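Notes for the structure review
Each chain, letter by letter, is given below.
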Amino acid sequence: MRLADINNVAVVGVGGVMGPGIALGFALAGYQVAGVDIDSAALDMAKDKLSSLLEQMQQHSGLGQSEAKEAKSRITFSLSLEDSVVAVDYVTEAVPEIMEIKQDIFRRCGELCGRDVVVASNTSSMDINQITSEMRFPERALVTHWTIPAPLSPLVEVVRGDKTSEEAYALTMGLLRQAGRVPVPCSNTPGFIHNYLQFSLVKAALDLVESGAATAEDVDAVVKNGFGLRLASVGPIRFVDMCGLDTILNIQKYMYQETQNPVFEPSIMIQEKVEQGDLGIKSGKGFFSYQGETIESFWEQVSRNMMAAMKATKSDSMPE
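Read on for an overview of the structure. Values in this document were obtained by computation on a predicted structure and should not be read as measured data.

1. Considering the side chain of aspartate 278
Residue position: aspartate 278 is located in the loop between helix H13 (268-276) and helix H14 (295-313). Buried aspartate 278, no salt bridge; nearest opposite-charge side chain is lysine 285, N-O distance 4.4 Å. What aspartate 278 contacts, discounting residues up to four positions off in sequence, is Leu245, Lys273, Ser283, Lys285 and Gly286.

Shown next as structure tokens:
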């Protein structure tokens, strides 16, 4: 299968939390989409969600009425997995996070789809090797974890199984890029990158609330009005480079001494870099290299992005 040959995709579980958004993401990129689910109620929910998403995108993201109409026309719905996947060029599974259900879908797709048709799972944390354990030709299977809201969030985590072929991986990366996504390769570890980070933050937030150190409202206010705005411009690794790894190390030492919480135990990698004199932007090298770049130029870019984000939050936010 070549990238140019992919015109028709199927989304199995289109009535779920992620299914409508994934279907719309492909449809907006020009692909014909077959949305599949187990009963009429699920399909009705998918249709309602798609209409709602398109309406929101027209109101808030500048999507034109004709574009919305065309995208919607590219999506069809079916109760038959057999009729839907037998003729498509690519399949994305978005059924509930229950291993047995996913295994059954992959087993059936393995029997119905052509050998070179990639079958991807939208799981956010499950082992693709387990999911494909009963599947024919598991070399064409992998994870593509879209993030919510799927039509707007460009990130898709791509996780290979032990048997995933290089051809299936390259085809999937190309397809996602062509669909306007930002595919990021991840190791096949629980939570991948996105949920490992996200649930670590959730755990810390709940610890603060449960200990009485902060209210739920205050925790959310800190995230939304503080580093949450900054994270849209610079990730956590580049951020410590910007602050200075020696500064970060001192903070870690103090926090660990005061709390004995292993979360704050000084990073071995940071200690090694500090000993080598690699302190981040101010020394020209940290986790990243900075040729002729300055702290001021980075903070200026971060500030511009944060001001844009703050301006956007003053308008009506898109409901979930």
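2. Section: the state of the cysteines
One pass over the full model with this rule turns up zero disulfides. Looking at cysteine 113, it has no disulfide partner, and the nearest cysteine sulfur is the one in cysteine 109, 4.6 Å off. For cysteine 113, a relative accessible area of 7% translates into the label buried.

3. Observations regarding unusual backbone geometry
Glycine aside, residues mostly have negative phi angles, and peptide bonds mostly take the trans form. For the bond from isoleucine 148 to proline 149, the omega torsion is 0°, close enough to zero to count as cis. Here proline 149 lies in the loop between strand E6 (141-146) and strand E7 (155-160). Although it is not a glycine, phenylalanine 137 sits at a positive phi angle of roughly 55°. Tracing the backbone through its elements, the reader meets phenylalanine 137 in the loop between helix H6 (128-131) and E6.

4. Considerations on the pattern of salt bridges
As enumerated under the stated definition, the model contains twelve salt bridges in all. Among the salt bridges present, the one from aspartate 104 reaches arginine 108, with a minimum N-O distance of 3.7 Å. Placement of the pair is aspartate 104 and arginine 108 together in helix H5 (residues 99-112), with a separation of four residues, close to one helical turn. Judged by its relative accessible area of 27%, aspartate 104 is partly exposed. Among the residues examined, arginine 108 registers a relative accessible area of 24% and is labelled partly exposed. A salt bridge links lysine 282 to aspartate 246; its shortest N-O distance comes to 2.9 Å.

5. Some details on the sheet that holds strand E2 (residues 32-36)
Reading across from one edge, E3-E2-E1-E4-E5-E6-E7-E8 is the order of the eight strands in this open sheet, with mixed pairing throughout. Unpaired on one side and paired on the other, strand E3 (75-78) and strand E8 (182-186) mark the two borders of the sheet. Taken pair by pair, the neighbouring strands of this sheet meet at an average axis angle of 25°, ignoring direction. By the bridge criterion, five bridges tie E6 to E7 in an arrangement that is antiparallel. By the bridge assignment for E7, tryptophan 146 is matched with valine 156.

6. Focus on the pairing of E8
In this structure, E7 lies alongside E8, joined through five bridges in parallel fashion. Looking at E8, one finds that valine 159 is bridged to cysteine 186. Note that the unit made of E7, helix H7 (residues 166-178) and E8 has a crossover that is right-handed.

Rules used in this analysis
Residues numbered from 1 in each chain as written. Predicted model: local features only at pLDDT ≥ 70, side-chain atom pairs only at ≥ 80, totals over all residues. Heavy atoms only, no water. Helix = DSSP H or I, 4+ residues; strand = E, 2+ residues; numbered from the N terminus. Buried < 20%, exposed > 50% of the residue type's maximum accessible area, 1.4 Å probe, protein only. Lys, Arg positive; Asp, Glu negative; His and termini not counted. Salt bridge = Lys/Arg side-chain N within 4 Å of Asp/Glu carboxyl O. Contact = heavy atoms within 4.5 Å. Disulfide = S-S within 2.5 Å. Pairing = 2+ DSSP bridges. Axes fitted to C-alpha atoms, helices over the stretch in contact; angles between N-to-C directions. Right-handed = clockwise from strand over helix to strand, strands pointing away.

These figures come from the coordinates and say nothing about function on their own.
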